[in-house]
2 protein chains.
Amino acid sequence: VKNRRWLLRSRPVRNVAAGDFELQPEPLQAPSLQPGQVLVRNRAFLCAPTLRNWLNEAGPSSRVTIGLGESIRGPGAAEVVGSANEQWPVGSRFTGVTPWQDYAVHSLDAVTTPVIRIPDGMTEIEALGPFGVNALTAYFGLTQVAQPRPGETVVVSAAAGSVGSCAVQVAKILGGRVIGIAGGRDKCDRWVTEVCGADAAIDYKTEDVRARLAQLCPAGVDVFFDNVGGEILQAVTDNTAIHARIAVCGQISAYDSDAPAPGPRDMMRVVYWRIRMQGFLVGDYVADVPRARAQLRDWMDRGLLRHRTDVRHGFERLPEALVDIFRGSNTGTLIVTTD
Amino acid sequence: VKNRRWLLRSRPVRNVAAGDFELQPEPLQAPSLQPGQVLVRNRAFLCAPTLRNWLNEAGPSSRVTIGLGESIRGPGAAEVVGSANEQWPVGSRFTGVTPWQDYAVHSLDAVTTPVIRIPDGMTEIEALGPFGVNALTAYFGLTQVAQPRPGETVVVSAAAGSVGSCAVQVAKILGGRVIGIAGGRDKCDRWVTEVCGADAAIDYKTEDVRARLAQLCPAGVDVFFDNVGGEILQAVTDNTAIHARIAVCGQISAYDSDAPAPGPRDMMRVVYWRIRMQGFLVGDYVADVPRARAQLRDWMDRGLLRHRTDVRHGFERLPEALVDIFRGSNTGTLIVTTD
């Protein structure tokens with residue numbers, strides 16, 4: 001049996017490219033598991049933009065850095081196929097950060113990135129898609145971090161993306177007046193407003209985001225769910241209402257660049273408007289995941305929440321799928337199965 | 001009777017100068033008060049750094065802009081000498097934003113900046129100094145915004161200043177391990193550590209703040225009470241612990257410059273470290289002021305909290321006092337009485 005592995009061949013310069021990755025199979029030898037460890041078969045991977053940051057050199061803002069020649073790591077769904085851990089018998093499954101390999105050993109007692117159990121009856125695609133980390137990010141970012149009140153104006157950037165389109169819908173369900181920002185008139189009209197139900201959508205490619213926000217939000221933006229950062233963060237910050245909350249989820253505008261996405265240009269705006277900016281990760285809310293999933297399922301059953309997945313098959317297609325995320329050529333949460 | 005007034009003659013270019021102000025008395029005519037209005041005699045003014053921002057042209061981050069030829073406005077203590085407002089009879093007193101004039105009319109029913117009543121038995125100096133807006137800013141910024149837990153590491157910038165030295169002491173009382181950042185070895189040693197009780201102090205004029213923070217806070221900074229912004233905010237942000245809270249009080253590094261103080265250079269640090277940055281103003285906590293003052297008084301009575309005031313006498317000295325704040329040549333909360 002071969003264990004296929006995708007290694008980091010070179011650090012991307014600006015745009016990530018398939019050539020930055022190298023497929024290198026190794027013979028799979030039955031590992032001798034230490035107490036607490038499990039051997040998993042990775043079943044599917046989620047192509048998440050944040051992974052792009054992990055490919056850079058370590059810096060003061062990096063928490064995960066993948067070394068040259070090391071296996072790529074990313075969110076995935078794994079099934080336990082060998083176990084020295086009572087909590088995780090053979091056949092049990094989880095989602096969490098796992099290497100881009102067919103097989104991997106996890107020390108689940110000492111794992112730094114928390115894993116989330118996949119309950120019986122939930123497929124791996126469901127666990128990475130409609131009930132996966134992107135949907136949970138939208139859910140926790142709104143319900144735990146930004147906490148919009150009914151009637152408040154909520155702006156979501158990258159509103160056509162996997163996290164963003166869930167955030168738009170959850171914000172609507174919570175009673176917000178929701179404005180999505182996305183790239184392209186078609187995405188804005190057909191997806192963000194028509195399907196996700198945003199009250200308005202701004203096409204950042206053809207519209208002046210700052211001017212449109214001022215027009216659409218004369219009383220100011222109460223909540224901003226930010227996936228993008230940079231100039232869009234600046235435009236929203238300058239249009240906040242008093243006591244605005246900014247849930248800082250990602251800064252995708254900077255991921256494929258050689259400069260980071262900075263905070264607001266003038267922090268006195270944060271003082272005088274009493275703005276709360278808060279970064280967050282789903283990992284802090286693992287204990288609440290079963291409840292969150294039940295809520296998401298209920299909303300789906302009632303037709304209030306829709307989720308699109310873009311599932312591709314074949315371990316060998318992982319790098320090109322990640323590149324597609326940055327081209328915007330995926331249509332929904334991009335999941336690659338290993339088979 | 002003359003009503004002396006300090007008007008804005010010219011907008012400061014970088015450093016504020018006494019020449020930017022013009023003393024222009026006018027004859028005082030008994031005003032006809034509208035319902036809700038009061039005529040006050042201003043008794044004392046607080047020279048607060050934030051006032052410097054109000055002298056600039058309006059921009060997206062300004063909430064108050066003083067027009068050329070208009071009276072300067074700033075925090076002060078006023079006594080009602082004529083009243084058409086039942087809540088504020090003649091003889092009642094308050095602190096709040098009031099013009100740099102001997103006399104002024106306030107529409108207290110429609111005031112946009114909240115005022116705080118001065119209770120009987122409290123002098124105007126006490127109401128602007130030990131129980132004034134600076135002390136309350138430190139108190140609310142810690143207890144309501146940053147909320148340090150016992151044992152956490154708290155960093156305070158401008159720690160020798162009026163707000164900062166109160167913040168250092170309150171953070172100690174709340175059980176924090178406190179590091180102050182101030183300008184000058186003498187201020188650091190004699191005031192921030194010896195009197196205010198900080199566990200350590202960093203002299204930003206002679207030390208590398210980033211390196212010293214890394215050394216003093218190997219487990220990271222849990223709470224940052226920021227009065228300064230700019231490079232000091234950046235140095236602290238890069239040394240935060242997970243789940244750090246930054247109470248954004250002021251950005252004095254930029255007040256006397258022609259560029260604003262920006263937020264963190266890389267917002268992914270805010271995401272991955274789950275940092276909460278929150279701007280605040282005392283005005284949001286007016287209802288809690290009596291309780292806060294009782295707490296501050298109790299700490300003072302028990303010898304846990306010290307406050308220095310630098311009181312100067314004479315309305316005509318107001319501009320030079322404000323300039324002194326930016327020279328750092330005051331020794332404590334700088335208050336100018338009108339007599």
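Structure first, text after, so check above.
Rules of the game
- Residues numbered from 1 in each chain as written.
- Chains lettered and ligands numbered in written order.
- Predicted model: local features only at pLDDT ≥ 70, side-chain atom pairs only at ≥ 80, totals over all residues.
- Heavy atoms only, no water.
- Helix = DSSP H or I, 4+ residues; strand = E, 2+ residues; numbered from the N terminus.
- Rg over C-alpha atoms; globule rule 2.2 N^0.38 Å.
- Contact = heavy atoms within 4.5 Å.
- Buried area = accessible area lost by both parts, 1.4 Å probe.
- Salt bridge = Lys/Arg side-chain N within 4 Å of Asp/Glu carboxyl O.
- Polar contact = N/O pair within 3.5 Å; in protein donor to acceptor, adjacent residues only side chain to side chain.
- Nonpolar A, V, L, I, M, F, W, Y, C, P; charged D, E, K, R; others polar.
- Buried < 20%, exposed > 50% of the residue type's maximum accessible area, 1.4 Å probe, protein only.
- Lys, Arg positive; Asp, Glu negative; His and termini not counted.
- Phe/Tyr/Trp six-rings, centres within 6.5 Å; stacked < 30°, edge-to-face > 60°.
- Axes fitted to C-alpha atoms, helices over the stretch in contact; angles between N-to-C directions.
- Parallel < 35°, antiparallel > 145°, perpendicular 65-115°, else oblique.
- Least-squares fit on C-alpha atoms with pLDDT ≥ 70 in both.
- Left-handed = near helix turned anticlockwise from the far one by under 90°.

Quick word on the overall build of chain A
For chain A, the count of helices and strands is 10 helices and 17 strands. A compact globule built from 339 residues would reach a C-alpha radius of gyration of about 20 Å, and chain A, at 20 Å, matches this within 12%. Summarising its shape, the C-alpha atoms of chain A cover approximately 65 × 45 × 35 Å along the three principal directions. Looking at chain A alone, contacts between residues at least 24 apart form 66% of all its contacts between residues at least 6 apart.

Looking at the interface of chain A and chain B
Contacts between the two partners involve 39 residues from chain A, matched on the other side by 39 residues from chain B. Carbon and sulfur atoms make up 59% of the area that chain A and chain B hide from each other, which totals about 3400 Å². Summed over the shared surface of chain A and chain B, the number is 2 salt bridges. Arg274(B) is the partner of Asp284(A) in a salt bridge, and the nearest nitrogen-oxygen pair spans 2.8 Å. Our count for the contact surface shared by chain A and chain B stands at 20 residue pairs in polar contact (both at pLDDT 80 or more). With 6 residues, helix α8 (residues 267-272) of chain A is the largest single contributor of residues to the side of chain A that touches chain B. When its residues are assigned to classes, the side of chain A that touches chain B shows 21 nonpolar, 10 polar and 8 charged.

Points about unusual backbone geometry
Residue and element names in this part refer to chain A. In this structure, Gln147 takes a positive phi of about 50° despite not being glycine. Taking the relative accessible area as the measure of exposure, Gln147 reaches 41% and is therefore partly exposed. Positive phi outside glycine occurs at His243, with the angle close to 65°. Tracing the backbone shows His243 in strand β14 (residues 240-248).

Some words on the side chain of Arg276(B)
You can see Arg276(B) is positioned in strand β15 (residues 276-279). One buried charge, Arg276(B), has no salt-bridge partner; the nearest side chain with opposite charge is Glu152(B), at 9.0 Å. There is a polar contact of 2.5 Å between the side chain of Arg276(B) and the backbone oxygen of Val145(B). With residues near it in sequence (within four places) discarded, Arg276(B) still touches Arg276(A), Met277(A), Gln278(A), Val145(B), Ala146(B), Ala244(B), Arg245(B) and Ile246(B).

Here we look at the packing of aromatic side chains
Residue and element names in this part refer to chain A. Tallied over the full model, the rule gives 16 aromatic pairs over all chains. Taking the centre distance of 6.3 Å and the plane angle of 55° together, the rings of Phe45 and Trp100 count as tilted. Within this pair, whereas Phe45 is found in strand β5 (residues 37-46), its partner Trp100 is found in the loop between β7 (93-99) and β8 (103-107), the two being separated by 55 residues in sequence. The exposure classification of Phe45 matches that of Trp100, with both residues buried.

Considering the packing of helix α3 (residues 133-146) of chain A against helix α9 (residues 289-301) of chain A
Residues and elements named next belong to chain A. Between α3 and α9, whose axes approach to 11 Å, the crossing angle comes to 95°. Regarding the angle of α3 to α9, the classification is roughly perpendicular. Together, Ala135, Leu136, Tyr139 and Phe140 of α3 and Val289, Ala292, Arg293, Gln295, Leu296 and Trp299 of α9 make up the contact between the two elements. Here the residues of the contact of α3 with α9 sort into 8 nonpolar, 1 polar and 1 charged.

Let's talk about helix α7 (residues 230-237) of chain A
Taken across its 8 residues, α7(A) has 7 buried, putting it largely inside the fold. Those residues of α7(A) lying buried are Gly230(A), Ile232(A), Leu233(A), Gln234(A), Ala235(A), Val236(A) and Thr237(A).

Considerations on the side chain of Thr95(B)
Tracing the backbone through its elements, the reader meets Thr95(B) in strand β7 (residues 93-99). Thr95(B) has contacts with Gly76(B), Ala77(B), Val115(B), Ile116(B), Ile118(B), Ala127(B), Leu128(B) and Arg293(B), leaving out every residue within four places of it along the chain.

A word on the relation of the copies chain A and chain B
Of the transformation placing chain A onto chain B, the axial shift is 0.0 Å and the rotation is 180°, giving an RMSD of 0.0 Å. The transformation just described matches what one would write down for a two-fold rotation axis. Among all residues of chain A, the one whose C-alpha sits closest to the rotation axis is Gly263(A), at a distance of 2.2 Å. Comparing interface residues between copies, 100% of those in chain A also lie at the interface in chain B; the contact surface is shared.

Let's talk about the packing of α3(A) against helix α4 (residues 162-173) of chain A
All names here are of chain A. Taken N-terminus to C-terminus, the directions of α3 and α4 make an angle of 45°; their axes are 8 Å apart at the nearest point. With respect to their mutual orientation, α3 and α4 come out oblique. The chirality of how α3 crosses α4 is right-handed. Residues Asn134, Ala135, Thr137, Ala138 and Leu142 of α3 lie in contact with α4, whose contacting residues are Ser162, Val163, Cys166, Ala167, Val170 and Ala171. Split into classes, the residues belonging to the contact of α3 with α4 amount to 8 nonpolar, 3 polar and no charged.

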